[in-house]
Protein chains: 2
Amino acid sequence: MKEQFYSYIQNLQDTITSKLEVVDGKAKFQEDLWERAEGGGGRTRVIENGNIFEKGGVNISAVHGELPEVLRKQFGVESGDFFACGLSLVIHPKNPFVPTVHANWRYFEMYDQDGNIVTQWFGGGQDLTPYYLFEEDAVHFHTVCKEACDKHHADFYPKFKETCDSYFWNAHRNEARGLGGLFFDYLKETEEFTMQNRYDFVTEVGNSFLNSYVPIVERRKEIDYTQAHKDWQEVRRGRYVEFNLVHDRGTLFGLKTNGRIESILMSLPPTVQWKYNHHPAQGSEEEKLLEVLAKPKSWV
Amino acid sequence: MKEQFYSYIQNLQDTITSKLEVVDGKAKFQEDLWERAEGGGGRTRVIENGNIFEKGGVNISAVHGELPEVLRKQFGVESGDFFACGLSLVIHPKNPFVPTVHANWRYFEMYDQDGNIVTQWFGGGQDLTPYYLFEEDAVHFHTVCKEACDKHHADFYPKFKETCDSYFWNAHRNEARGLGGLFFDYLKETEEFTMQNRYDFVTEVGNSFLNSYVPIVERRKEIDYTQAHKDWQEVRRGRYVEFNLVHDRGTLFGLKTNGRIESILMSLPPTVQWKYNHHPAQGSEEEKLLEVLAKPKSWV
C-alpha cells in the first residue's frame, strides 16, 4: 500500500503542478529535493510571483524511522517505527477575488518490533479560503467534494464536511478559517471498508482537486481590484497565519519533529497585514464574508 | 503590593506613551478600555501610521478571579484565586534601521480559600530586535539593562541576560528572535530579598526602558532606506510573528484563557512577508544580522 500510494502522490504532484503552471501562464514551480536525517525526504515545489499565483507550494514527502516522541505520546505507545507519506498544497493567488486553497492527502503505517504493520490509515482533505464571498464558488467547491464522496458512501460528505468545519475553526477569533470542504483522518480498515476501499476513496478525492479549484480561478482571475481589496486580502491572510501557527496540528507537528521548515512554512502567505482592531464597514462585501465565517453553513 | 504595583504601571504607561508621542511627532496613541468577564480588565493604547512608529502598543491590565485551568495545571494546584497585573509593550518602527522593542513587567498573586496570599512574584524584561546590526545600539541597550540590574545585585544582569537569550530562541529556526536584553520570572520573597526589594528592582528596570530605547530611535530614524531594506524588515518581522504565535508563553496563555485578542495581538507587525527559502547575499548587511542571531553573544 505504501508504494502504491506514494507512486500515486508523485503522479498527482506532477498533474497538479503542470496544470497550475498552465493556468498561471508565467511562473514555474521551483523544485527542491530534501532528505530527512532520521529517514526519508521529500520533493518540494514552490511557485512565486506568477500572473495568477502570488505564492504556493505543492509538496510531497515520505518519511520513516523511529516514531518521534510527540507521536509516541499521542498514540500511547512506548516505541515503534513508522512510515508516513503525503501531498500537501497551499495556493495563495494574487487577485483578492480568487480564493486561497489548501489540500492534503496522506498515509500512515506503524510497525511492531518485528516490522509487521500494527496499524495503518489514510487522512486528508481540501478546503477553500476566499477573501470575498461568491456563493457560486462555495457551491461549486462543495459540489465537487460531495460528488467524490458520494461515489464511496452517502455518509462521507456530511461527516467529513462537518469535521472540516470543526478542524479549521480559528478558536481565538471565534470564526472559521474559510468555507470548509473535506477533512478526514484515521481512515482505517473496518468490517465495511478494506484498505483498498480507503485508497480508492482518498485518490478519488485527490483526483477531484483540480476540478474543485481551477474553474473558480478561471472565473475570478480577471476581476479588477483596488489597493483596498488587496489590503483586505492581506488582513485576512493574517488570520490564515494565526490558524496555521497557533492551531494547525500538521504545522506544529512538523515544527516540533525536525521537519524541513521551509517546506512546512511554504503555507504562509507572501504578504500579510495586521491592523489593530480592524472591522469592515457595515453592509460591505468584507463584512458579508465575516458573517459567513461566523457560523459554518451548508452549501450543497 | 498589588495596589502599589498597579499604580506604578498606570503611571509608567502614561510616561512611556507621552514620550513616544513626542518622539513620533505625528501619531497619537488610541486608548481602549476593556473589561474581562471573569474579573478585571485593561487599558490598551495603540499607535499606528506614525512618522517613526508604524505600529505599537503599550498596554496595561489587571485581572483576577478563579485560576484558569491552564494555570492550575501549570502550578499543580486544584483550585484557587489569583490576581495578575502588568504592562506589555511592543513597538514596530517604520524605518528598517530602527529596531523593534518589546518589554513587559508583571506581578502575580495566588490565594488560598480564605483569601490569604499563598505565593506572589514579579516577572518581566525587555529585549531588542533590530533588522540591521549596529553594535553600538546593542551595547547601549545592554548597558542600560546592566546598570539597572547592578544597582540591585551583581548576579542579576548575567543571569537575566542569559534567561532572555534562552527564552527568545526561535527553536524551529534555530536562531534568536533578536539581540536579547533581560528576562526574569518568579521573583519571589527569599532570605536575601523581600517583596519590596523585588518591587524596587522591577520598577528600576521599568524606569530604565525609555533610556534603553529612545536614544537608539533618535540615532537611526533619519537613515535613508530603500524598498529592499523594507522587504528585509518585513521578512524578519515574519520571524517575529512565528516566535510570538508558536513559542511565546504570554501570547499563547492569553489566546487560551479568553484574553482580549486585539490587545494580545497588537504585538504582531503591521506588514509582513514570507518568501520561500530566502537567504541574504553572502557578506551583506542582512547576513551580518543572521550571524549574530545564530549564537547569542555578550554585549557588555
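Reference entry: report on the structure contained in this document. (Residues numbered from 1 in each chain as written. Chains lettered and ligands numbered in written order. Predicted model: local features only at pLDDT ≥ 70, side-chain atom pairs only at ≥ 80, totals over all residues.)

### Digging into the overall build of chain A
Defined as follows: Helix numbering and strand numbering both begin at the N terminus, where a helix is a DSSP run of H or I of at least 4 residues and a strand a DSSP run of E of at least 2. We take the radius of gyration over the C-alpha atoms and set the globule estimate at 2.2 Å times the residue count to the 0.38 power. Partly exposed residues are those whose C-beta has more than 12 but fewer than 20 other C-beta atoms within 10 Å; 20 or more makes a residue buried and 12 or fewer makes it exposed, with C-beta atoms placed from the backbone. Note that contacts rest on C-beta atoms placed from the backbone: two residues are in contact if these are within 7 Å.
Across its full length, chain A holds 9 helices and 10 strands. Expected size for 300 residues packed as a compact globule is a radius of gyration near 19 Å; at 19 Å, chain A falls within 12% of this value. Each principal axis of the C-alpha distribution contributes one length, and for chain A these read about 60 × 40 × 35 Å. For chain A, the residues scored as buried account for 44% of the 300 residues in total. Sequence separation of 24 or more characterises 67% of the internal contacts of chain A that already satisfy a separation of 6 or more.

### Structural notes on the sheet that holds strand 6 (residues 117–129) of chain A
All names here are of chain A. We apply this condition: Two strands are said to pair when DSSP picks up at least two bridges between them. Interaxial angle, 0 to 180 degrees, is taken between N-to-C directions of lines fitted to C-alpha atoms, where a helix line uses only the stretch in contact.
If you walk across this open sheet you meet the 7 strands as 1-2-3-4-5-6-9, and the pairing is antiparallel. Each of the sheet's edge strands pairs with one partner strand only, and the pair in question is strand 1 (30–35) and strand 9 (180–187). When the angles between neighbouring strand axes are averaged without regard to direction, this sheet yields 5°. One ladder, built from 13 bridges, connects strand 3 (residues 53–66) with strand 4 (residues 81–93); its direction is antiparallel. Note on strand 4: the bridge partner recorded for F53 is P93. In the packing of helix 4 (residues 156–167) onto the sheet, the strands contacted are strand 6 and strand 9, and the crossing angle to strand 9 comes to about 100°.

### Here we look at the nonpolar core
Stated precisely, the cut-off is as follows: To count as a nonpolar core, a set of buried Ala, Val, Leu, Ile, Met, Phe, Trp, Tyr and Cys residues must be joined through C-beta atoms within 7 Å.
By size, the foremost hydrophobic cluster in this structure holds 142 residues, and its most contacted members are F160 of chain A together with F160 of chain B. When residues no more than four places from it in sequence are discounted, the contact partners of F160 of chain B are G125, C149, L182, F183 and F184 of chain B.

### Some words on helix 5 (residues 195–220) of chain B
All names here are of chain B. The cut-off we apply is this: To estimate how far a helix should extend, the number of its residues minus one is multiplied by 1.5 Å.
Across its 26 residues, helix 5 extends 39 Å between first and last C-alpha, which sits within 8% of the 38 Å expected from 1.5 Å per residue. Of all the positions in helix 5, only R198, F201, V202, V205, G206, S208, F209, S212, Y213, I216, V217 and R220 are classed as buried. Against the buried residues of helix 5 lie helix 1 (2–24), strand 4 (81–93), strand 5 (100–111), strand 6 (117–129), helix 3 (135–150) and strand 9 (180–187).

### Regarding the relation of the copies chain A and chain B
The criterion, for reference: Least squares is used to superpose the copies, and the fit set is the C-alpha atoms of residues whose pLDDT is at least 70 in both copies.
Superposition record for chain A on chain B: RMSD 0.0 Å, screw rotation 180°, translation along axis 0.0 Å. The transformation just described matches what one would write down for a two-fold rotation axis. For chain A, the minimum C-alpha distance to the rotation axis belongs to V272 of chain A and amounts to 2.5 Å. The residues that chain A uses at the interface reappear at the interface of chain B in 100% of cases, marking a shared surface.

### Focus on the interface of chain A and chain B
Keep this limit in mind: Gly falls in the polar group here, along with every residue not listed as nonpolar (Ala, Val, Leu, Ile, Met, Phe, Trp, Tyr, Cys, Pro) or charged (Asp, Glu, Lys, Arg).
Residue-level contacts link 23 residues of chain A with 23 residues of chain B. Counting residues per element, the ones that place at least two in the side of chain A that touches chain B are strand 2 (40–48), helix 6 (227–247), helix 8 (261–264) and strand 10 (271–273) of chain A. Residue contributions to the side of chain A that touches chain B peak at 4 residues, all from helix 6 of chain A. Partitioned by chemical class, the residues of the side of chain A that touches chain B number 14 nonpolar, 4 polar and 5 charged. Sheet analysis places strand 10 of chain A next to strand 10 (residues 271–273) of chain B, joined by 3 bridges and oriented antiparallel. The partner of T271 of chain A across the bridge, within strand 10 of chain B, is Q273 of chain B.

### Overview of the pairing of strand 5 of chain B
Residues and elements named next belong to chain B. As defined by bridge partners, strand 4 adjoins strand 5 across 11 bridges and the pair is classed as antiparallel. Pairing of G86 across the sheet is with R106, part of strand 5. What sits between strand 4 and strand 5 in their antiparallel hairpin is a turn of 6 residues. Relative to strand 6, strand 5 runs antiparallel, the two sharing 12 bridges.

### What to know about unusual backbone geometry
Residues and elements named next belong to chain A. Unusually for a residue other than glycine, N174 sits at a positive phi of about 55°. Note that N174 resides in the loop between strand 7 (169–170) and strand 8 (175–176). With 10 C-beta atoms counted inside 10 Å, the residue N174 sits in the exposed group.

### Observations concerning the sheet that holds strand 2 (residues 40–48) of chain B
Residue and element names in this part refer to chain B. The 7 strands are arranged 1-2-3-4-5-6-9 in an open sheet whose pairing can be described as antiparallel. Looking along the sheet, the strands with just one partner apiece sit at the ends: strand 1 (30–35) and strand 9. Neighbour-to-neighbour, the strand axes of the sheet open up by a mean angle of 5°, direction not taken into account. Where strand 6 meets strand 9, 6 bridges bridge the pair, whose relative direction is antiparallel. Its bridge partner lying in strand 9, L128 is registered against G180. With respect to the sheet, helix 1 is in contact with strand 2, strand 3 (53–66), strand 4 and strand 5, its orientation differing from that of strand 4 by roughly 10°.

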